Amino acid sequence: MTLTVAVQMDPLESINIAGDSSFALMLSAQARGHRLFHYAASDLNWSDGHLWTKARPVTVQRVVGDHYRFGDPVRLDLGDDADVVLMRQDPPFDLGYITATHLLERIADRTLVVNDPVSVRNAPEKVFVLDYARFMPPTLVTRSLDEARAFLKRHGAIVVKPLHGNGGKAIFRVGPEGENLSALMEVFNTAWREPHMIQAFLPDVAKGDKRIVLVDGEVAGAINRLPGEGEFRSNLAVGGSAQKTELTAREREICAALGPELKKRGLIFVGIDVIGGEWLTEINVTSPTGIVAIERFDGTDVAGLIWDAVERRLAHASAL
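Predicted model only: the values in this text are computed from it and were never measured. (Residues numbered from 1 in each chain as written. Predicted model: local features only at pLDDT ≥ 70, side-chain atom pairs only at ≥ 80, totals over all residues. Heavy atoms only, no water.)

Draft legend 1. Just the sheet that holds strand β13 (residues 209–215), in detail. Pairing is antiparallel across the open sheet formed by five strands, whose spatial order is β15-β14-β13-β16-β17. Each of the sheet's edge strands pairs with one partner strand only, and the pair in question is β15 (241–243) and β17 (279–284). This sheet shows a mean twist of 30° between the axes of neighbouring strands, independent of strand direction. When β13 meets strand β14 (residues 218–226), the two strands line up antiparallel, connected through seven bridges. Its bridge partner being in β14, D209 is matched across the sheet by R225. Across the sheet, helix α9 (residues 302–319) touches β13, β14 and β16 (269–275), and the angle it forms with β13 is around 35°. (Pairing = 2+ DSSP bridges. Helix = DSSP H or I, 4+ residues; strand = E, 2+ residues; numbered from the N terminus. Axes fitted to C-alpha atoms, helices over the stretch in contact; angles between N-to-C directions. Contact = heavy atoms within 4.5 Å.)

Spelled out as C-alpha cells, the structure:
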C-alpha cells in the first residue's frame, strides 16, 4: 500500500531532528514507500467544496543540517489527492488551530486525518482530561482570585498554569503563604480570556513526570521525564531529561480507562502525562511527542506502530 501523506506542520528547518516526533513519523512513512508532502496550516484554502493547499513534495534523512529536500510546489487537493493528513503543527491551541480543524473536518469522509480533527477540537489537553477527574490531582478551573486563595488554603501549595498552554510554559508554583498569587492571577487574567487551571502541587514531581504514548488506544511505550536543576517542571522543552521507565498498576488502570475512548474518537497518537505513578494531569492530542525517546530507551518502533494503525484504518475503510 503506497500512500500520499500530507504533513501539516511547522517549518522543517526549525525542528530538532534528534527528538522530533513528526520527523520520526516522516522517516517511517518514507521507509514504507509512502509519498510525503509538506505544508503549513496557514496555507489551507477552501473553495467550491474542495480543500487544497500549496504543498511541496519532500524527502527526509537523518542528517543534521541536511535533513530534508523539497521538490517544486504543487496544488494539492487534500480531499482528492491525499490518503492521509498528519495534523502536526505545534500549539498554541488558538483560533488558527481550531479553524484548521474545521477545514480538515470537511474532508474527513475521504481522507484520514491523524488525529481526527473533530476530536482534536473537542479534546484540548487540559479540558478533555476533566472527563477522568477520578485519576487527577485536586483541580480547580477558574479566573477567580478568591477561589484560588480558598483552593490554596485547602491544599497548602498549588500550581497555576494556562488552560491551553503547552511545553511546560507559564507554569508557576505558589507556596503555602500565597506569595504573589494575586499578582499572578492578575497577569493570567490579563493575558488570557479563558479560565486557568490550578492544581494541588505534587511533591512527587521531583521523581518525574511520565509521558505514556498510546497508539489507537493501546500502550506503545513510556518515558520518565525528570526536572532539571532548580526546576519543578519536567518537560523536555524546558530542560527536563528522559529516562527508561515501567508502568505502575495505577498507570495501566488509567490507560485501560482511556484507551477505548481514544480509539473511538480517532485519536490514533496520544501522549498522556502522569505524575508519581498515579496522577493524570494531561491528555495530549494536538501534537504529541516522546516517540523518539521511547525508541531510544526501549527499542520500540512507535512511529511504525502509528503507521500500522493508520494502514489498518485505511484498509478497513476501503473494505466497507
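Draft legend 2. Structural context of the nonpolar core. One finds L78, L104, I272, L280 and I283 to be the most contacted residues of the largest nonpolar core, which totals 41 residues. Elements represented by at least two residues in this core include exactly β2 (35–39), β4 (50–60), β7 (84–87), α2 (95–105), β13, α7 (249–264), β16 and β17. Dropping the residues within four chain positions of it, L280 is found in contact with V129, Y132, F135, M136, P137, I254, L258, I272, D273 and V274. By size, the runner-up hydrophobic cluster in this structure holds 37 residues, among which are L3, L36, V292 and A303. (Core = buried A, V, L, I, M, F, W, Y, C linked by side-chain atoms within 4.5 Å. Buried < 20%, exposed > 50% of the residue type's maximum accessible area, 1.4 Å probe, protein only.)

Draft legend 3. Spotlight on the packing of aromatic side chains. Tallying each qualifying case throughout the model produces five aromatic pairs. Here F128 and Y132 contribute two aromatic rings whose centre-to-centre distance is 6.0 Å and whose plane-to-plane angle is 75°, an arrangement assigned as edge-to-face. For the pair F128 and Y132, one class covers both residues: buried. Pairwise contacts between aromatic rings join F172, F188 and W192 into one cluster. Across the ring face of W52, the terminal group of R75 is positioned such that the distance to the ring centre comes to 4.1 Å. Of note, R173 hangs over the ring of F201, and the distance from its end group to the ring centre comes to 4.5 Å. (Phe/Tyr/Trp six-rings, centres within 6.5 Å; stacked < 30°, edge-to-face > 60°. Lys NZ or Arg CZ within 6 Å of the ring centre and 35° of its normal.)

Draft legend 4. The arrangement of the pairing of β17 in detail. The buried fraction of β17 amounts to five of the six residues, a majority that puts the element mostly inside the structure. With five bridges connecting them, β16 and β17 associate as antiparallel partners. Pairing of I275 across the sheet is with W279, part of β17.

Draft legend 5. Main features of the packing of helix α5 (residues 145–155) against helix α6 (residues 181–191). Running from N to C, α5 and α6 cross one another at 135°; their axes reach a closest spacing of 10 Å. The angle between the axes of α5 and α6 places the two elements in the oblique class. Regarding α5 and α6, the two cross each other, and that crossing is right-handed. In this structure, α5 uses L145, A148, R149 and L152 to contact α6, whose residues at the interface are L181, S182 and M185. Its residues assigned to classes, the contact of α5 with α6 comprises five nonpolar, one polar and one charged. (Parallel < 35°, antiparallel > 145°, perpendicular 65-115°, else oblique. Left-handed = near helix turned anticlockwise from the far one by under 90°. Nonpolar A, V, L, I, M, F, W, Y, C, P; charged D, E, K, R; others polar.)

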